[in-house]
Amino acid sequence: MHGALPWNPGAQLAKRAKAQMTTFRLPRVAIGAAMVAATLVFAGPSDADVVPQAVELPQQLSMDQAVQILRTKSLDLLIAEASVRNAEGDVGVAGAVPNPSINLGYGRVLPPYNPNAVAGNPPQPLCPGGGCSANQWTAGISDSAAIEDSLSGKRSLRLKVARAALAAAKLSRNDALRTIEFQVKSAYAQVAQAQRALTFAKDTQATNVKTLELFQTRLRSGAINEGDLARIQTQKLEADQAVDQAVQGLRQARVALAFLLGVRGPIPDYSVDDHILDFVVPEQLRSADEDRLLRLAFDHRPDLLAQGYQRASAEAAIALAKRLRFPDITLGAQYTQTGVDQNAIQPPTISFSISAPIPIFYQQQGEIRKAEANYDTQSIQQTKTTAQVVSDVGSAVAGYDTARALVERMEKQLKPAAERAFSITRLQYDKGAATLMDFLDAQRTYIATNVEYLQDLANYWTAVYQVEEAVGMELRP
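Keep in mind that this is a model prediction, so the values were computed, not measured.

**A word on the sheet that holds strand 8 (residues 346-355)**
Then comes step 1: As summarised here, the arrangement of the 4 strands in space is 2-5-7-8, forming an open sheet in which the pairing is antiparallel. In the strand order of this sheet, the two ends are held by strand 2 (101-108) and strand 8, each with one partner. Neighbour-to-neighbour, the strand axes of this sheet turn through a mean angle of 15 degrees, independent of strand direction.
Then comes step 2: Of the strand pairs in this sheet, strand 7 (residues 330-338) and strand 8 are connected by 8 bridges, and their pairing is antiparallel. Across the sheet, residue A333 finds its bridge partner in strand 8, namely F352.

Written out as structure tokens, the structure reads:
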């Protein structure tokens, strides 16, 4: 198997952007800002850190290996994982305490004359004897409403909203795994079925080759006519066709499974463990009680649980929107001084301030309305998801019951009957008690029954995986 692709578009674009930045001639004032921006843009994780290496499938791929590859390298799951990290970032933003702001200032009294001079007299110098300064310095600090943000509960409400959204994102990732894992297991069963179908087709082909050789010998001895030989040749050619179709079906099944596992290079002719098709009834499905499975689904379906957290997040968002009607109160302190020493025009002065917007014209009506609408949406969506779970479980159980009945009937009745009929008819034909058409018809029935049996096995296990997906938990031992 090949490794990663020979070129990475994202890395190439990043390198090109870096090269272009080095050719620009920025003003001296902007050089520092440009260096900071470049650091922020290019110091993050590289494409090699984000995109996993191409998957290399072993020559013999087990079901456990396929599921493990899915859980570690599936691109869909990595996208869901990125959504989780995004929600984690939202939690950090929601819980952040606003940074205090500091202001520093310098001023100068202009013009340097005393504005309190007697009216009618010419302006007098501010400092007639000298020794004072008209320079003014100010320094101030404000809490950026950090204290009020915590005391009013706004910060805790934002955290409640973000944490509920984070829990929903994690469950959504689990839900993506639930869906993709079903697809992988079903595709694995199709590869196993295609392998067995190819083996059976080759066995049938080998049997028809021997039968054709026997009939050619009989033709030379005059025991049969050319019409009988032509019928046997047709049967042999049909077996050749079946082998070619089985080869194509196996290749397509391998490609479909490799795609789900994230293979991005040439796909080898790997094998799977076809014993997973062996018929067995999982312990929890021996009695497929729909009510019991539905209760399991309500407890384990990640999409339903995620919807509950989404609703909780929307409910907290309503409380936050209403709390935001309380104005952000900013506390501040300022130090001012004009001049220095004992001749300072204005002595050192410390002042404190409090500021807040007055909510006269607008009291968060729009935000509250949107939050309430989102809560209604999430509530309806939760109800819809509940109905979807009920539908999924009902459909999955019905499909499982049908698939199980077909396999059990096939193993206990149809398949043994077809094998017995073919063996008896062949013996009768050898003894002259049955016609060649009877023999060929029994052979076709035997072949069709075995092909149908293999497909029934694949459908049965797909139905089992469908029940697992509907319930949200693994049921196969």
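**Describing the pairing of strand 7**
Then comes step 1: Sheet topology places strand 5 (residues 135-142) next to strand 7; 7 bridges connect them, and they run antiparallel. Along strand 7, the bridge assignment pairs S142 with G332.

**Brief notes about the packing of helix 11 (residues 365-430) against helix 12 (residues 436-471)**
Then comes step 1: One way to put it is that helix 11 packs onto helix 12 with a least axis distance of 7 Å and a crossing angle of 160 degrees. The orientation of helix 11 with respect to helix 12, classified from their angle, is roughly antiparallel. The handedness of the crossing between helix 11 and helix 12 is left-handed.
Then comes step 2: Taken together, the residues that form the contact of helix 11 with helix 12 break down as 24 nonpolar, 8 polar and 9 charged.

**Quick look at unusual backbone geometry**
Then comes step 1: Within the chain, S144 stands out as a residue other than glycine whose phi angle is a positive 55 degrees.
Then comes step 2: Checked against the element boundaries, S144 lands in the loop between strand 5 and helix 6 (146-151).
Then comes step 3: Residue class for S144 comes out partly exposed when judged on its relative accessible area of 28%.

**Points about the packing of aromatic side chains**
Then comes step 1: By the definition in use, this model includes 10 aromatic pairs.
Then comes step 2: Measuring from centroid to centroid gives 5.2 Å for F422 and Y446, while their planes differ by 15 degrees, and the two rings are stacked. Of this pair, F422 sits in helix 11 while Y446 sits in helix 12; the two residues are 24 residues apart in sequence, bridging distant segments of the chain.
Then comes step 3: For F422, a relative accessible area of 12% corresponds to the buried category.
Then comes step 4: On the numbers, 5.6 Å between centres and 20 degrees between planes, the contact of Y429 with F439 is stacked. Placement of Y429 in helix 11 and of F439 in helix 12 is noted, with a sequence separation of 10 residues between them.

**Quick notes on the nonpolar core**
Then comes step 1: Core analysis: the biggest nonpolar cluster contains 62 residues, and L61, L257, L261 and Y270 have the highest contact counts within it.
Then comes step 2: Of all the secondary structure elements, the ones that give two or more residues to this core are helix 4 (63-73), helix 7 (154-221), helix 8 (226-260), helix 9 (290-300), helix 11 and helix 12.
Then comes step 3: Looking at which element gives the most residues to this core, the answer is helix 7, with 12 residues.
Then comes step 4: Counting 11 residues, the second-largest nonpolar core is a separate cluster that includes L212, F215, I232 and L436.

**Things to note about a nonpolar patch on the surface**
Then comes step 1: Among the surface-exposed residues, I147, L151, L331 and I354 lie close enough to one another that they form a single nonpolar patch of about 420 Å² accessible area.
Then comes step 2: Here I147 is to be found in helix 6.
Then comes step 3: Accessibility expressed as a relative area gives 45% for I147, which makes it partly exposed.

**With respect to the side chain of S379**
Then comes step 1: Checked against the element boundaries, S379 lands in helix 11.
Then comes step 2: Look at S379 and you get buried, because its relative accessible area is 15%.
Then comes step 3: A distance of 3.3 Å separates polar atoms of two side chains, one belonging to S379 and the other to R311.

Reading the values: rules and limits
- Residues numbered from 1 in each chain as written.
- Predicted model: local features only at pLDDT ≥ 70, side-chain atom pairs only at ≥ 80, totals over all residues.
- Heavy atoms only, no water.
- Pairing = 2+ DSSP bridges.
- Helix = DSSP H or I, 4+ residues; strand = E, 2+ residues; numbered from the N terminus.
- Axes fitted to C-alpha atoms, helices over the stretch in contact; angles between N-to-C directions.
- Parallel < 35°, antiparallel > 145°, perpendicular 65-115°, else oblique.
- Left-handed = near helix turned anticlockwise from the far one by under 90°.
- Nonpolar A, V, L, I, M, F, W, Y, C, P; charged D, E, K, R; others polar.
- Buried < 20%, exposed > 50% of the residue type's maximum accessible area, 1.4 Å probe, protein only.
- Phe/Tyr/Trp six-rings, centres within 6.5 Å; stacked < 30°, edge-to-face > 60°.
- Core = buried A, V, L, I, M, F, W, Y, C linked by side-chain atoms within 4.5 Å.
- Patch = residues over 30% accessible without salt bridge, like charges linked within 9 Å, V, L, I, M, F, W, Y side chains within 5 Å.
- Areas by Shrake-Rupley, 256 points an atom, 1.4 Å probe, with all protein chains shown as cover.
- Salt bridge = Lys/Arg side-chain N within 4 Å of Asp/Glu carboxyl O.
- Polar contact = N/O pair within 3.5 Å; in protein donor to acceptor, adjacent residues only side chain to side chain.

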